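Residues per chain, in single letters:
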Amino acid sequence: MSDQQQNQLWGGRFSESTDAFVQEFTASVAFDRRMYRQDIQGSMAHATMLAEAGVLTDDERDAIHQGLKEIRAEIEAGDFQWSVALEDVHMNIEARLTDKIGITGKKLHTGRSRNDQVATDIRLWLRDEIDLIDGELARLMTGLLDQAEREAATIMPGFTHLQTAQPVTFGHHLLAWFEMLKRDRERLLDCRKRVNRLPLGAAALAGTTYPIQRERTRELLGFDAVCENSLDAVSDRDFAIEFCALAALCVTHLSRISEELVLWTSAQFNFIDLPDRFCTGSSIMPQKKNPDVPELVRGKTGRVNGHLISLLTLMKSQPLAYNKDNQEDKEPLFDAVDTLAGCLRAFADMIPAIEPNREVMREAARRGFATATDLADYLVRKGVAFRDAHEIVGKAVAHGVDKKKDLSEMSLSELRQFSDQIDDDVFEVLTLEGSVSARNHVGGTAPDQVRAAVARGREVVNA
Ligand code: ARG
């Protein structure tokens with residue numbers, strides 16, 4: 001790219017060309033070229049609108065459309081010469097258009113600025129990505145529902161403080177993960193509403209003197225509404241921050257799930273197996289099978305959280321309207337999108353492949369005095385005050401620790417040492433199945449409730 005060409009787009013005012021390093025330093029084409037499809041889509045709609053408004057002739061519009069389509073094909077074929085001298089995706093495409101169709105190419109930018117153009121491109125790009133992410137999220141959620149249905153009656157210990165607390169069903173545990181992701185999806189779709197507004201027409205900052213029809217451009221690009229204030233339209237990046245916030249929260253949820261998967265695949269827990277295709281070995285320790293996918297997802301939380309802070313800090317104290325600072329919005333946003341999409345894809349593939357070790361889970365629940373609360377509740381039903389019942393059961397547990405026996409393994413006379421209210425109907429409540437089935441209300445761990453929650457979940461995912 002010669003200096004002369006370089007200056008064609010904005011060089012009228014300049015008496016020397018840009019310093020070579022400054023040119024490279026200020027360019028964004030290395031990363032914003034990934035928005036080429038949206039840039040062309042926005043330009044085609046703009047040209048259509050300009051022709052309808054009488055600003056371009058139909059022939060000029062057709063030449064622009066044809067040129068842009070060819071450019072898109074060149075880019076997709078890898079035949080496009082990207083130039084750092086042309087700074088960004090917008091000027092690269094516009095310069096190529098002028099190369100191809102001559103002076104008409106220079107008319108495309110009528111009534112438009114790169115400021116409203118770039119804001120439009122990012123929104124179009126993010127909208128497309130949100131729709132892809134939504135698909136992966138729905139796939140993952142369906143995988144959780146399928147597993148939960150299969151494991152509705154599988155018993156495992158539920159934990160507080162990572163200590164065995166009460167028995168739960170594995171299906172119920174999976175549905176807790178589902179709830180987290182359900183909220184993430186609500187946030188994603190809510191964010192999409194604010195992404196889906198059209199900045200084009202704001203021009204550089206104040207609007208334009210041409211008789212543009214913003215409503216028409218809006219319609220052509222499928223936006224829900226136009227941005228109502230030109231100064232805000234070119235400078236608002238809330239939508240990118242909102243996306244990073246929901247992405248950070250979603251990856252945080254995935255990190256919580258990851259942590260449990262890492263624990264559960266350890267020899268010490270051995271609750272689940274992950275198929276080999278989601279794991280790697282060690283180059284030195286032949287016995288190792290490492291849960292790499294969950295570990296890596298857990299680790300990726302850091303960068304997404306970082307991107308949220310980057311964007312918040314980018315916008316902090318920025319005066320109206322567009323500032324070059326805003327070029328820094330793209331890399332954090334792009335990486336947040338890529339990271340979230342990758343994590344969701346890996347999880348959507350992996351979750352259906354989890355193999356629970358049902359016997360091990362059950363045994364862990366049995367060994368951990370997980371039905372102690374059930375015994376206390378039993379005594380309350382027999383008329384003992386809850387605090388006294390708590391004390392009685394505490395003593396029975398201490399006895400069990402001493403004798404290495406779970407409550408359900410003690411004889412009736414052994415149990416009656418602690419309270420003569422205990423009769424032989426106690427063994428029903430001390431069973432793990434009895435314990436989970438008794439928690440039979442909306443949100444409880446009973447297998448019937450898990451199945452009902454799966455049915456409700458399917459309606460939400462498929463809505
Ligand atoms: N590459 C720029 C960005 O990403 C495009 C907008 C530049 N506008 C300007 N007046 N310099 O934000």
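Above: the structure in question.
Here the structure is a predicted model, which is why all the values come from computation and not from measurement. (Residues numbered from 1 in each chain as written. Predicted model: local features only at pLDDT ≥ 70, side-chain atom pairs only at ≥ 80, totals over all residues. Heavy atoms only, no water.)

Chemist: So what's going on with the overall build of the protein? Which residues, and what values?
Modeler: Looking only at helices and strands, one finds 20 helices and six strands in the protein. What you see for the protein is a C-alpha radius of gyration of 31 Å, clearly larger than the 23 Å of a compact globule of 463 residues, by over 25%. Referenced to the eigenvectors of the C-alpha coordinate spread, the extents of the protein come out at roughly 100 × 50 × 40 Å. Across the protein, contacts joining residues at least 24 apart in sequence account for 74% of those joining residues at least 6 apart. Looking at charge distribution, the protein has the averaged site of its 56 positive side-chain charges lying 2 Å from that of its 73 negative ones. (Helix = DSSP H or I, 4+ residues; strand = E, 2+ residues; numbered from the N terminus. Rg over C-alpha atoms; globule rule 2.2 N^0.38 Å. Contact = heavy atoms within 4.5 Å. Lys, Arg positive; Asp, Glu negative; His and termini not counted. Charge placed at Lys NZ, Arg CZ, Asp CG, Glu CD.)

Chemist: Residues and numbers for the site of the ligand, please.
Modeler: The local shell around the ligand consists of Ser28, Asp88, His90, Arg114, Asn115, Val118, Tyr322, Gln327 and Lys330. Separating a nitrogen atom of the ligand from a side-chain N or O atom of Asp88 is a distance of 2.9 Å. Taking Asn115, its side chain carries an N or O atom lying 2.9 Å from a nitrogen atom of the ligand. Coverage of the ligand by the protein amounts to 85% of the 340 Å² it exposes when considered alone. (Near = heavy atom within 4 Å. Polar contact = N/O pair within 3.5 Å; in protein donor to acceptor, adjacent residues only side chain to side chain. Areas by Shrake-Rupley, 256 points an atom, 1.4 Å probe, with all protein chains shown as cover.)

Chemist: Give me helix H16 (residues 386-403): which residues, what numbers.
Modeler: Between the first and last C-alpha of H16 there are 25 Å, a value that for 18 residues agrees with the 26 Å anticipated at 1.5 Å per step. Listing the buried residues of H16 in full gives Ala389, Ile392, Val393, Ala396, Val397, His399 and Gly400. Buried residues in H16, looked at end-on, bunch into an arc of 160°, giving them a common side. Residues of H16 that are exposed and angled more than 90 degrees away from the buried face: Arg387, Val401 and Asp402. On the buried face of H16, the contacting elements are helix H15 (372-381) and helix H17 (412-416). In the segment just after H16, Lys404 is the residue with positive phi, at about 55°. (Expected span 1.5 Å × (residues − 1). Buried < 20%, exposed > 50% of the residue type's maximum accessible area, 1.4 Å probe, protein only. Arc of directions from axis to C-beta.)

Chemist: Residues and numbers for the pairing of strand E1 (residues 155-160), please.
Modeler: Here six bridges tie E1 to strand E2 (residues 163-169), and the two strands are oriented antiparallel to one another. What sits directly across from Thr160, in E2, is Gln163. Once E1 ends, the chain turns through two residues before running back antiparallel as E2, passing His161 with a positive phi of about 55°. (Pairing = 2+ DSSP bridges.)

Chemist: Provide a residue-level description of the environment of Thr339, including the pertinent values.
Modeler: On the secondary structure map, Thr339 appears in helix H13 (residues 330-350). Sequence separation between Thr339 and Arg194 is 145 residues, and the spatial gap between their C-alpha atoms is 22 Å. Here Asp335 takes part through its backbone oxygen, which lies 2.6 Å from a polar atom of the side chain of Thr339.

Chemist: I'd like a description of the pattern of salt bridges, backed by residues and values.
Modeler: Applying the stated criterion to the full structure yields 45 salt bridges. A salt bridge links Asp190 to Lys193; its shortest N-O distance comes to 3.1 Å. Of this pair, Asp190 and Lys193 both sit in helix H8 (residues 170-195), separated by three residues, roughly a single helical turn. Judged by its relative accessible area of 29%, Asp190 is partly exposed. Residues Arg237 and Asp329 are paired through a salt bridge, measuring 2.6 Å at the closest nitrogen-oxygen approach. With a gap of 92 residues between them, Arg237 in the loop between helix H10 (230-235) and helix H11 (238-265) and Asp329 in the loop between helix H12 (292-315) and H13 connect regions that are remote in the sequence. Taking relative accessible area as the criterion, Arg237 reaches 2% and is therefore assigned buried. Overlapping salt bridges, with partners in common, bring together Glu70, Glu74, Arg96, Asp99 and Lys100 in one network. (Salt bridge = Lys/Arg side-chain N within 4 Å of Asp/Glu carboxyl O.)

Chemist: Lay out the packing of aromatic side chains in plain terms, naming residues and giving numbers.
Modeler: Applying the stated criterion across every chain yields a total of nine aromatic pairs. Note on Phe159 and Phe269: the rings are 6.0 Å apart at their centroids and 65° apart in plane angle, and the pair reads as edge-to-face. With Phe159 in strand E1 and Phe269 in the loop between H11 and strand E5 (272-273), the pair connects residues that are 110 residues apart, well separated along the chain. Residue Phe159 is classed as partly exposed on the basis of its relative accessible area of 27%. Taking the centre distance of 6.1 Å and the plane angle of 40° together, the rings of Trp264 and Phe271 count as tilted. (Phe/Tyr/Trp six-rings, centres within 6.5 Å; stacked < 30°, edge-to-face > 60°.)

Chemist: I'd like a rundown of the packing of helix H7 (residues 114-150) against H8, residues and numbers included.
Modeler: The relative placement of two packed helices is expressed as an angle between their axes plus a distance between the axes. The contact between H7 and H8 brings their axes to 10 Å, and the two run at 165°. By the angle between their axes, H7 is roughly antiparallel relative to H8. As H7 packs across H8, the resulting crossing turns out to be left-handed. Here the contact of H7 with H8 is composed, by residue class, of 19 nonpolar, two polar and nine charged. (Axes fitted to C-alpha atoms, helices over the stretch in contact; angles between N-to-C directions. Parallel < 35°, antiparallel > 145°, perpendicular 65-115°, else oblique. Left-handed = near helix turned anticlockwise from the far one by under 90°. Nonpolar A, V, L, I, M, F, W, Y, C, P; charged D, E, K, R; others polar.)

Chemist: With reference to specific residues and values, describe the state of the cysteines.
Modeler: Within the structure shown, the criterion is met by zero disulfides. Unpaired in terms of disulfides, Cys227 finds its nearest cysteine sulfur in Cys191, a separation of 13 Å. Under the relative-accessibility criterion, Cys227 is labelled buried at 8%. (Disulfide = S-S within 2.5 Å.)

Chemist: Kindly report on unusual backbone geometry, identifying the contributing residues and their values.
Modeler: A cis amide bond links Leu320 to the next residue, Ala321, at an omega of 0°. For Ala321, the position within the fold is in the loop between H12 and H13. Its identity is not glycine, yet Ala203 carries a phi of approximately 55°, on the positive side. A relative accessible area of 7% places Ala203 in the buried class. We note that Lys404 has phi near 55°; this positive angle belongs to a residue other than glycine. With respect to the helices, strands and loops of the structure, Lys404 is situated in the loop between H16 and H17.

Chemist: Could you give me a rundown of a nonpolar patch on the surface, with the residues and numbers involved?
Modeler: On the surface, Leu205, Leu231 and Leu320 cluster together to form a nonpolar patch covering roughly 270 Å² of accessible area. Within the secondary structure, Leu320 sits in the loop between H12 and H13. Judged by relative accessible area, Leu320 falls into the exposed class, the value being 61%. (Patch = residues over 30% accessible without salt bridge, like charges linked within 9 Å, V, L, I, M, F, W, Y side chains within 5 Å.)

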